[in-house]
Amino acid sequence: MPAPNSPAPAPATGQRRLLGRWWRRQSPSQQDRFATLAPLASVLLFLAAIISAFWYLRNEEIDRETESVKRDTEIAQQQIRLRLIENQEQLVRMARELVTREVDASDFTPQATTFMNDRPEITQFQWLSADQGTRARHSAQSDHEEQPATELTPPARSPGRTETEWAFIAARDLRQPIYSRVFKDRHGSQVFQVHVPMLTRGQFNGVLVADYSIDVLLRHFVPTEVTRRHAVAVINDREQTIASSVLQMPGEEQQRAAILHDVPLAPAANGLVLRGSGYRMSVGLIGNTLFWMVVALSVLTLWMLLGTFRHVRRRGQIQGALVQETNFRRAMENSMLTGMRAMDIEGRVSYVNPAFCAMTGFSEHELIGRLPPYPYWPADRIDENTRLLQQELQGRSPAGGIEVKVMRKNGTLFDARMYVSPLVDARGHQTGWMTSMTNITEAKRIRDQLSASHERFTTVLEGLEAAVSVLSVQQGELLFANRSYRLWFGADARGHALLASGAQPSLPGELAADLSGHDDEDGLSGIPTQELAGQGANPREVYAAQLDKWFDVRARYLQWTDGRLAQMLIATDVTARRRAEELAAQQAEKAQVSSRLITMGEMASSVAHELNQPLTAITNYCNGMVSRVKADTIDRDALLAALGKTARQAERAGQIIHRIRAFVKKSEPQRQTASAKAIVEEAVDLASIELRRRNVAIHHYVAQRLPDLHCDPILIEQVLLNLLKNAAEAIDSAGLPPKRRHIELRVIPRHTPDAGGVIEFSVTDQGPGLADEVIARLYEAFFSTKAEGMGIGLSLCRSIVESHRGRIKAQNLYNGTIVTGCLFAFTLPVETTARHDETALFHPPDDTAPTVPHSADLPVDKPATAKTTP
């Protein structure tokens, strides 16, 4: 039994014990079979491993060869491209000189000779006039006879023109250098031409033509190390080889598996392709039998290991140098507008880019090799900059950079931010530090201005007497609250919720529908904040019971600075205004009741006269019945008839008293659905008492099928009664003859652009009219043209009409220049639940109908309600 503190057996030991027990349980035949198959399995596994390694290395070699072919082909393309561009620019300059200066053929030849001596790839140089005539020619060959050019393959062009003619026409039409397709010159060489147009103030004067030998381009401008490694050839668009760096036997490309890479021969753009070729050297290395594979396995493995080791080491060196060079150049290219400074471990400046020199004003030779203190350090900040430099050299610079003052060569200062990163060589060793410097003077100025603007804005918000608060919709966090909010509600978001409960801005229909079905989710997570932020404020008045104050609250959604959806509230204390409005409403209600009482007081004599008639009749009927009963001269039927007449006179007196009581009764204003016809009849019945006393007739007309009104009928009756009474008083005070002592009351539908469908009430009289200064002050309170008038009737009428969202107006009626009467009219909007077929009433066919009604105004098929009361 093992000791308690003895270590547990290792897992490998336990596995070996299990394998030993399993082996001992096997029979001898099974043990011999396993002993025979084990080496074979080991060999097979070894061969599988070697074959897998071989195939891996073979594929790796193919990839390396492909990458090498691609790189060498692009190097050859770049060399040829730079040569062609350089020659093209020289030809453009020569063309410009030939045009600007008068040069003949004799002067052209020395220039052409000099030009071609340095350019062996150009076999012939020509100067063609605008009509394609040869003005001068210089050839590298001794033979100067002109022979027609023969094309390598028939091009896809119109017959009868050579490639030279096509290029000439293209250069003439496009006014830019044109490269022709490949053709054979008179010596049998494969060439192509470049045609450079000669222009004088936009006029075509000819071209300069240079013939390029493709074979010479390959021999002179493809690097030797490239041709040693791979074959480089020029192929046309028909896959025909024009020129090649090696001499190929027919069918060689099909015999060996070639690795090809094609790039265009820029900038010619004439269908030529530069093709690099590589070959896989490992084809056929695998034998047909397993025996020879095993025999050659060790040799191949050693050879592959040695070759792979050399290749990997060489490739690692090349890649290291390439990565270092690429990173360095990319850092330079990407920071052309940012100053770059490199220094070694000791702090010696080893590199500055032009942007750094432009910022500081110092040249490159003034900065390279300098040790601290640097010339761009301000004299009063040398100690601080030295400390920052030591911090950089120790690798303790902050990731966000450091902000410093930099002095230009002229002594001016600017703010800069520097970022420091280590320079590492290919072996991973740090060789120095790379510093990028950015001028932040303007950015800092803008930042300071924004900070000052923010401070001013905050000061304004803090000084507002209105409470301003912003609440995050998702988190319910109070993001901002000004002084007034904090004074009333503290720093708690519940005050915002209290105000928002009565001023919640409505969401668009689609968004509200989306939110209604996601009670268990964050429904606001997918709402477009731009659409919500565009919703306008919806002002509401909210009562805060804890403060006993009324607030005018305006709410809207906005997008906070961090992108969150937020709600802003602006709450203004309107408690004083609210109480003033309530007091004004109470006084207005009292004024309405007082006006009705005053009206009835003014009509007291007329009412007394109106009541005297039925009371006198009742007295007469009663006295007559008493006399006849005493004389016993009345029978039962006559008595009943006399009693019925007496009862009708009593009902008449009761109706008069009921109307007056209902009119002057003090009650709360009550909006209800009312009929215009019923309102007019009640007002006319009340006004008839005064009109009969003043001997004025009234003719009223109410259109049929008028929609219902949503109003207070008692207040509208009061307006009509005031207008009718004023018209009767104007007619009576003017002493008009009987034919002009009548009033027209007209109720018709109208359609206005601002209010839509309305019902118009108009009262027309034939009195003396109103003076212009009276019309200007007609609705002023306590202004009256009557000696005993109080001046509140029309002012109250206007308040009543406007409280019902209507309009009232007054104007004189003219016959030429003579005033023939006065018109008072007011409009009331119809009830929104009116029938749809009533909308046709607000578009009468004739809008020019006269205001004063007559029998021709009444419709024929639907007679209107028209009455005349004496």
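Note on numbering: residues in each chain are counted from 1, in written sequence order. A pLDDT threshold of at least 70 governs which residues receive local features in this predicted model, and a stricter bar of 80 or more applies before side-chain atom pairs are shown or counted, although totals over entire chains, interfaces and linings include all residues. To get the side-chain values, all heavy atoms of the structure are used, and hydrogens and water are removed first.

Q: How should the sheet that holds strand β18 (residues 478-481) be read in this particular structure?
A: Sheet strands line up and pair through hydrogen bonds in the backbone, either parallel or antiparallel. Two strands are counted as paired when DSSP detects at least two bridges linking them. Runs of H or I in DSSP of at least four residues are treated as helices and runs of E of at least two as strands, each being numbered from the N terminus. Within the open sheet, the five strands sit side by side as β18-β17-β21-β20-β19. Their pairing is antiparallel. Taken across any chain shown, the strands that pair with only one partner, and hence form the sheet edges, are β18 and β19 (540-544). Neighbour-to-neighbour, the strand axes of this sheet turn through a mean angle of 30°, independent of strand direction. In terms of strand pairing, strand β17 (residues 467-472) meets β18 through three bridges, oriented antiparallel. Its bridge partner lying in β18, serine 469 is registered against alanine 481. Note on geometry: axes are C-alpha line fits, over the in-contact stretch for helices, and angles between N-to-C directions span 0 to 180 degrees.

Q: Honestly, the nonpolar core in this entry has me stumped. Any pointers?
A: Most often, soluble globular proteins have nonpolar side chains that are buried together. Val680, Leu720, Ile743, Val747, Phe761 and Phe826 are the most contacted members of the largest nonpolar core, which has 50 residues in total. Looking at this core, the element that brings in the most residues is helix α22 (residues 713-734), giving ten residues. The contacts of leucine 720, once residues within four sequence positions are left out, are Ile679, Val680, Ala683, Leu745, Phe761 and Phe826. Within this scheme, the nonpolar core is defined by two criteria: the residues are buried Ala, Val, Leu, Ile, Met, Phe, Trp, Tyr or Cys, and they are joined through side-chain atoms within 4.5 Å. Three labels apply to residues, based on accessible area from a 1.4 Å probe with only protein chains included: buried if under 20% of the type maximum, exposed if over 50%, partly exposed otherwise in between. Grouped together as the second largest cluster of nonpolar side chains are 40 residues, Met116, Tyr179, Val222 and Leu265 included. Every residue pair with non-hydrogen atoms within 4.5 Å of one another is taken to be in contact.

Q: Looking at this structure, how should I read the side chain of asparagine 87?
A: Topologically, asparagine 87 is positioned in helix α2 (residues 28-100). Given a relative accessible area of 0%, asparagine 87 falls into the buried group. Residue contacts for asparagine 87: discarding those within four places in its chain leaves Phe115, Arg119, Glu121, Ile122 and Tyr212.

Q: Would you take a moment to explain the side chain of glutamate 121 for this structure?
A: When you line up the elements, glutamate 121 lands in the loop between α3 (105-117) and β1 (122-129). On the basis of relative accessibility, which here comes to 0%, the residue glutamate 121 falls in the buried class. Setting aside anything within four residues of it in sequence, one finds glutamate 121 in contact with Arg83, Asn87, Asp211, Tyr212, Ser213, Val216, Leu217 and Phe221.

Q: What should I look at first to understand the packing of aromatic side chains in this one?
A: Given two aromatic rings, one states the distance between the centres and the angle between the planes to describe the pair. Pairing of aromatic side chains requires ring centres within 6.5 Å, counting the rings of Phe and Tyr and the six-membered ring of Trp. Pairs whose planes differ by under 30 degrees are stacked, by over 60 edge-to-face, and all others tilted. Within this structure, the stated rule accounts for 15 aromatic pairs. Arranged with centres 5.4 Å apart and planes meeting at 80°, the rings of phenylalanine 356 and tyrosine 376 form a pair that is edge-to-face. Remark: tyrosine 376 occurs in the loop between α11 (364-367) and α12 (382-393) and phenylalanine 356 occurs in helix α10 (residues 354-360); sequence separation between them is 20 residues. Aromatic side chains tyrosine 543 and tryptophan 550 sit 5.2 Å apart centroid to centroid with 45° between the ring planes, which places their arrangement in the tilted category. Overall, the relative accessible area of 36% leaves tyrosine 543 in the partly exposed class. With a relative accessible area of 22%, tryptophan 550 lands in the partly exposed category. Here the aromatic cluster, defined as three or more aromatic residues joined through ring pairs, consists of Phe108, Phe115, Phe125 and Trp127.

Q: Any chance you could explain the sheet that holds strand β12 (residues 339-344) here in plain terms?
A: The sheet built from five strands is open, its strands ordered β13-β12-β16-β15-β14 with antiparallel pairing. Edge positions in the sheet fall to β13 (349-352) and β14 (402-407), since each has one partner strand and no second. Each strand of the sheet is rotated relative to its neighbour by a mean of 35°, with strand direction disregarded. In the packing of helix α13 (residues 441-463) onto the sheet, the strands contacted are β14, β15 (413-424) and β16 (430-439), and the crossing angle to β15 comes to about 120°.

Q: Looking at this model, I keep getting lost on unusual backbone geometry. Mind explaining?
A: Trans peptide bonds make up the majority, and among non-glycine residues the majority have a negative phi. With an omega of 0°, the peptide bond between proline 372 and proline 373 qualifies as cis. With respect to the secondary-structure elements, proline 373 resides in the loop between α11 and α12. If you check the backbone angles, glutamine 132 has positive phi at about 70° while not being a glycine. Mapped onto the fold, glutamine 132 is located in the loop between β1 and β2 (134-139). Unusually for a residue other than glycine, aspartate 632 sits at a positive phi of about 55°.

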